[in-house]
Amino acid sequence: MFQRGTKRLSSVLWLGVAACCSVASGAQTSSSPTPPPAVEHRISPEQAAELFRSVDDILKFASTETALPEREKVKRKLVGRDEVVAYLQKHMDEDEDSQRFRRSEAVLKKFGLIPRDFDLRPFLIGLLREQIAGYYDPATKTVNLLDWLDAEQQKPVLAHELTHALQDQSFDLQKWMKGTEKDLITIENPTSDDFDRDEAAEARQAVVEGQATVTLIDYELIPAGMSMAGSPQIVEAMRETMLAGTPDSVQYQKAPLFLKEALTFPYRYGLGFAGEVVAQRGKAGLNALFKNPPTTTRQIMEPEAFLSGEKLPAMPVPDFKRLFKDYETVDVGGFGEFDTAMLVGQLATPVIAQTIYPHWRGGYYFAVRPKGKPTAPLGLLYVSRWSSAEKAEEFAAIYAKGLTKRYQKAVFQEAFTGGVTWNTEEGTVSIETRSDLVLVAESLDHKERLTEAVFGRDITNVK
């Protein structure tokens with residue numbers, strides 16, 4: 001879900017600011033401090049004309065690099081910061097993915113991935129206002145250039161954004177990105193297959209941004225006579241730079257780690273994925289991904305899972321409608337490998353997360369509130385599968401220990417066969433393992449027989 005949730009965020013980034021490249025693409029020179037100076041620098045008419053002329057040359061470079069044909073001239077437009085902010089706000093208000101992200105904000109806070117008192121929307125507006133360094137708008141087929149950045153600063157970003165234009169001309173990005181999309185809250189009883197597909201848009205976005213970032217890197221390496229394919233060590237260096245940001249990226253530096261990772265996921269992991277595809281299949285292999293794309297964050301984070309054709313077992317899924325007949329649904333979604341990495345990193349440490357998240361083999365969540373009680377604590381059912389019973393128990397122990405970080409009051413209550421219960425200010429938390437599965441129930445009425453519904457004979461939707 002969090003990658004599904006970050007999809008709502010990253011979808012805004014892609015639709016609104018396809019690359020906040022000063023962070024996400026490593027074009028560090030293009031960032032600017034927040035707030036901007038009282039009298040902001042503007043490029044001259046002569047500089048703007050030079051920048052407009054450079055579009056055609058860089059488009060030819062991108063076409064050669066990607067082997068994507070230039071089917072038509074790309075429109076270009078010079079925009080000011082106020083116009084960009086208005087564009088961002090419009091998409092955040094109107095975009096369905098952005099709306100869904102705000103709906104899942106309560107779940108993100110429940111898991112402790114963003115602070116309980118965090119005001120997400122204005123923070124994102126400020127963050128994107130700071131980080132944007134140019135963007136391609138697939139709705140208008142226009143590359144938008146910024147009137148406050150010098151032409152030389154914008155040219156590497158143009159290599160990235162014009163790759164999006166070429167992708168769009170060949171594959172219709174808006175249609176391709178939304179090709180597998182479905183809000184699971186609209187499905188009465190989601191199945192294991194539905195949860196598997198819940199990360200497809202994030203995986204596709206990583207394909208789009210990964211290829212574009214390869215083009216940006218190769219453009220920047222022209223003076224050195226190098227290329228990414230010939231210098232694979234550059235990929236890891238760039239990925240670290242993306243997450244770290246720059247000292248003058250004030251809003252970015254203040255962001256919770258989850259938001260930093262969410263913002264940079266399609267660029268950082270997309271670049272790593274693209275680099276592995278290029279190493280094994282050449283650059284032509286990147287274009288082939290548009291016909292046979294990865295479908296999960298696991299496949300992006302661990303390219304060999306995709307390249308080897310790995311198939312994960314189906315998850316046991318209960319009859320949600322019957323199980324939660326006395327509740328109102330708040331949000332529902334898949335819980336992927338990226339989500340797991342973020343969660344364990346918060347509950348324990350990023351180092352521990354690195355050791356356990358590759359053992360993830362499936363997951364989903366269901367968030368509800370009792371009917372007629374909109375202020376009641378959020379109820380949460382969260383189920384995950386692991387590579388072994390030992391790893392399931394390891395994760396369950398991490399989750400239990402992390403409760404003290406997420407609640408003001410978290411007191412161990414009892415141990416029972418296969419699990420433990422804790423008391424918190426928002427109700428009981430039950431954590432149970434059975435073989436390679438872990439079930440977590442928080443702030444829920446246990447008379448709903450959650451354990452039997454997930455582990456027992458009431459499982460109805462396994463495919």
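Provided above is the structure to which this section pertains.
Residues numbered from 1 in each chain as written. Predicted model: local features only at pLDDT ≥ 70, side-chain atom pairs only at ≥ 80, totals over all residues. Heavy atoms only, no water.

1. Quick notes on the nonpolar core
Ranked by size, the top nonpolar core spans 98 residues in total, and within it Phe111, Phe258, Phe395, Tyr399 and Ile431 carry the most contacts. The element contributing the most residues to this core is helix α14 (residues 257–281), with 12 residues. Among residues more than four places away in sequence, those in contact with Phe395 are Leu343, Val344, Ile356, Tyr382, Ser384, Trp386 and Val438. If you look at the next biggest cluster of nonpolar residues, it comprises 22 residues, including Phe195, Phe366, Leu439 and Leu444. (Core = buried A, V, L, I, M, F, W, Y, C linked by side-chain atoms within 4.5 Å. Buried < 20%, exposed > 50% of the residue type's maximum accessible area, 1.4 Å probe, protein only. Helix = DSSP H or I, 4+ residues; strand = E, 2+ residues; numbered from the N terminus. Contact = heavy atoms within 4.5 Å.)

2. Quick look at the sheet that holds strand β9 (residues 427–434)
One open sheet accounts for 7 strands, arranged β4-β5-β6-β10-β9-β8-β7; its pairing is antiparallel. A strand with exactly one partner marks an edge of an open sheet, and here the two such strands are β4 (327–334) and β7 (410–416). Between one strand and the next, the sheet's axes are offset by a mean angle of 15 degrees, whatever the strand orientation. Sheet topology note: the β7/strand β8 (residues 419–424) ladder contains 6 bridges and is antiparallel. Bridge pairing in β8 links Ala415 to Val420. (Pairing = 2+ DSSP bridges. Axes fitted to C-alpha atoms, helices over the stretch in contact; angles between N-to-C directions.)

3. Brief notes about the pairing of β9
Two elements, β8 and β9, share 6 bridges in a ladder whose sense is antiparallel. Opposite Thr421, over in β9, you have Ser430 as the bridge partner. Counting the residues in the hairpin turn of β8 and β9 gives 2 residues. Bridging between β9 and strand β10 (residues 437–442) involves 6 bridges; their strand directions are antiparallel. Across the sheet, residue Thr433 finds its bridge partner in β10, namely Val438. Between the end of β9 and the start of β10, which pair antiparallel, lie 2 residues, with Ser435 showing a positive phi angle near 55 degrees.

4. Details of the environment of Glu181
Here Glu181 lies in the loop between α9 (173–177) and α10 (192–197). Look at Glu181 and you get partly exposed, because its relative accessible area is 24%. C-alpha of Glu181 to C-alpha of Asp198: the two residues are 17 residues apart in sequence and 7.4 Å apart in space.

5. Notes on the sheet that holds strand β3 (residues 142–146)
In a beta sheet, neighbouring strands pair by backbone hydrogen bonds and run either parallel or antiparallel. In space, the 3 strands of this open sheet follow the order β1-β3-β2, with mixed pairing throughout. Both outer strands of the open sheet, β1 (75–79) and β2 (135–137), are each paired with one neighbouring strand and no more. Strand-to-strand, the axes of this sheet are offset by a mean angle of 30 degrees, without reference to chain direction. Bridge analysis of β2 against β3 gives 3 bridges, and the strand direction is antiparallel. Pairing of Tyr136 across the sheet is with Val143, part of β3. Sitting on the sheet, helix α8 (residues 151–171) is in contact with β2 and β3, with an inclination near 165 degrees to β3.

6. Looking at empty space enclosed by the protein
A complete count under the given rule lists 4 cavities of 30 Å³ or more for this structure. Here the second largest cavity is characterised by a volume of approximately 50 Å³. The wall of the second largest cavity is formed by Glu65, Thr66, Gln211, Val214, Thr215, Asp218, Lys283 and Leu286. Elements represented by at least two residues in the lining of the second largest cavity include exactly α3 (45–66) and α11 (200–220). (1 Å grid on protein atoms, 1.4 Å probe; cavity = no way out; pocket = protein on both sides within 12 Å on 5 of 7 lines; lining within 4 Å. Points joined across faces, edges and corners; volume = space filled by probe spheres on them.)

7. Structural notes on unusual backbone geometry
Of note in this structure, Lys141 is not a glycine but carries a positive phi near 55 degrees. Looking at the secondary structure, you find Lys141 in the loop between β2 and β3. We classify Lys141 as partly exposed; its relative accessible area is 33%. One non-glycine residue, Asp172, lies in positive phi territory at about 55 degrees. Mapped onto the fold, Asp172 is located in the loop between α8 and α9. A residue is classified by how much of its surface remains accessible, and Asp172, at 33% relative accessible area, is partly exposed.

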